[in-house]
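For reference, the chains in residue letters:
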Amino acid sequence: MTTWTDRTAAQPITLSGASGIDRAAHHRLDEAWLAAAWSHPTTRVFVVSGGQALVDDTPDGRTELVMTPSFEAPPTETHRYFLGTDEDGVRYFALQKDALPGRMDQSARPAGLREAGALLSARDAGLLVHAVALENWQRLHRFCSRCGERTVIAAAGHIRRCPACGAEHYPRTDPAVIMLVTDDQDRALLGRQMHWPEGRFSTLAGFVEPGESIEQAVVREVAEEAGVTVGDVEYVASQPWPFPSSLMLGFMARATSSRIQVDGEEIHEARWFSRDELRAAFKSGEVLPPSGISIAARLIELWYGEPLPRA
């Protein structure tokens, strides 16, 4: 039997494709190895700042991360993050800085994952996701949650240690569910958040709460946001979403009721759409599709049967 997961295999979800990078976590505590890797002539480095890095457009139409040899990188010792190695043995590091460096040729531009995630290769997107997630965590978790002392960076950016009480703190990932709900007429339930532009509709989503399974979170979030009850829930795929620290877990869910009652707080409006209704709404501009980088677009496409218009 073909599953939803099988249907995503041929076209990986943005930010989730195989990057070809081995994170090589066993090297993170080996200071001698890290020092040698940093000084190796093939090592490549890029700077991350505020969720952005420099990207450049090549003459053949590709978009690439701007990376330099380590000896050309801006100086820093504490905020140097080892990201992994590729099949050719090239080591990759990210440097967290307060600002991105300038480029003499002026051809590079700053970009975040929302702007460049779908344009970068799987390797570059994977490296940037890793770096942005570490940067977000490092900026938000500088003090020990046990005793309040300022912590220090260890394990090439993947641990913060407390010098006072000895506690070790690890990067945090917040699980969130995102789901396309369909009813017995095979219509899709799409909603619009309060702060979104007029006409922007997407799937429902929400964070997993303590003590509940991800399937329970799907049922609860749909009921809370749209007043719709859900029965069957089927996992589709996941997507790292470091804005600042989420992991999106994608589902298809089957509604057992069709009456909508939005909460008026997170969801301002929700509607059932048939495929023909959604196609017509896209064409007229009444409905704007979700961002192409988001797993939401892929969930809708799996039901819709064709690519969505570009946002």
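Residues numbered from 1 in each chain as written. Predicted model: local features only at pLDDT ≥ 70, side-chain atom pairs only at ≥ 80, totals over all residues. Heavy atoms only, no water.

As recorded in an unreviewed UniProt entry, the protein chain goes by the name NAD(+) diphosphatase, listed as coming from Streptomyces bingchenggensis. Database annotation for the protein chain, UniProt heading Cofactor (unreviewed entry): "Mg(2+)". (UniProt positions renumbered as here; feature names shortened; annotations may be inferred.)

Q: Please explain the packing of aromatic side chains as it appears in this structure.
A: How two aromatic rings sit relative to each other is set out by the distance from centre to centre and by the angle between their planes. Scanning the entire structure with this criterion turns up eight aromatic pairs. Each ring, one from tyrosine 235 and one from phenylalanine 251, has its centre 5.7 Å from the other, and the planes form 75°; the classification is edge-to-face. Highlighted residues: tyrosine 235 in strand β14 (residues 230-241) and phenylalanine 251 in strand β15 (residues 246-255), separated in sequence by 16 residues. For tyrosine 235, a relative accessible area of 36% puts it in the partly exposed group. Seen from their ring centres, phenylalanine 282 and tyrosine 304 are 6.0 Å apart, and the 85° between their planes marks the pair as edge-to-face. In this pair, phenylalanine 282 is assigned in helix α6 (residues 275-284) and tyrosine 304 in helix α7 (residues 295-304), connecting sequence segments 22 residues apart. The pair phenylalanine 282 / tyrosine 304 is uniform in exposure class, with both members buried. Aromatic rings pair up to connect Trp33, Trp38, Phe82 and Phe93 into one cluster. If you follow arginine 80 out to its NZ or CZ, it ends over the ring of tryptophan 38, 3.9 Å from the centre. Sitting over the ring of phenylalanine 243, arginine 114 keeps its end group 4.2 Å from the ring centre. (Phe/Tyr/Trp six-rings, centres within 6.5 Å; stacked < 30°, edge-to-face > 60°. Helix = DSSP H or I, 4+ residues; strand = E, 2+ residues; numbered from the N terminus. Buried < 20%, exposed > 50% of the residue type's maximum accessible area, 1.4 Å probe, protein only. Lys NZ or Arg CZ within 6 Å of the ring centre and 35° of its normal.)

Q: Honestly, the domain arrangement of the protein chain in this entry has me stumped. Any pointers?
A: Accessible area lost upon the coming together of the parts is a frequently used measure of interface size. Here the protein chain is partitioned into domain 1 (25-169) and domain 2 (173-304). Here the C-alpha centre of domain 2 lies 32 Å away from the C-alpha centre of domain 1. The partner domain 2 presents six residues to the eight residues of domain 1 that form the contact. Interface area for domain 1 against domain 2, summed over the two sides, is near 630 Å², with a carbon-plus-sulfur share of 75%. For the pair domain 1 and domain 2, the interface holds zero salt bridges. At the junction of domain 1 with domain 2, the criterion picks out two residue pairs in polar contact (both at pLDDT 80 or more). Contributing elements (two or more residues each) for the side of domain 1 that touches domain 2: α3 (113-116) and α4 (122-140). (Domains from an automatic or database assignment. Contact = heavy atoms within 4.5 Å. Buried area = accessible area lost by both parts, 1.4 Å probe. Salt bridge = Lys/Arg side-chain N within 4 Å of Asp/Glu carboxyl O. Polar contact = N/O pair within 3.5 Å; in protein donor to acceptor, adjacent residues only side chain to side chain.)

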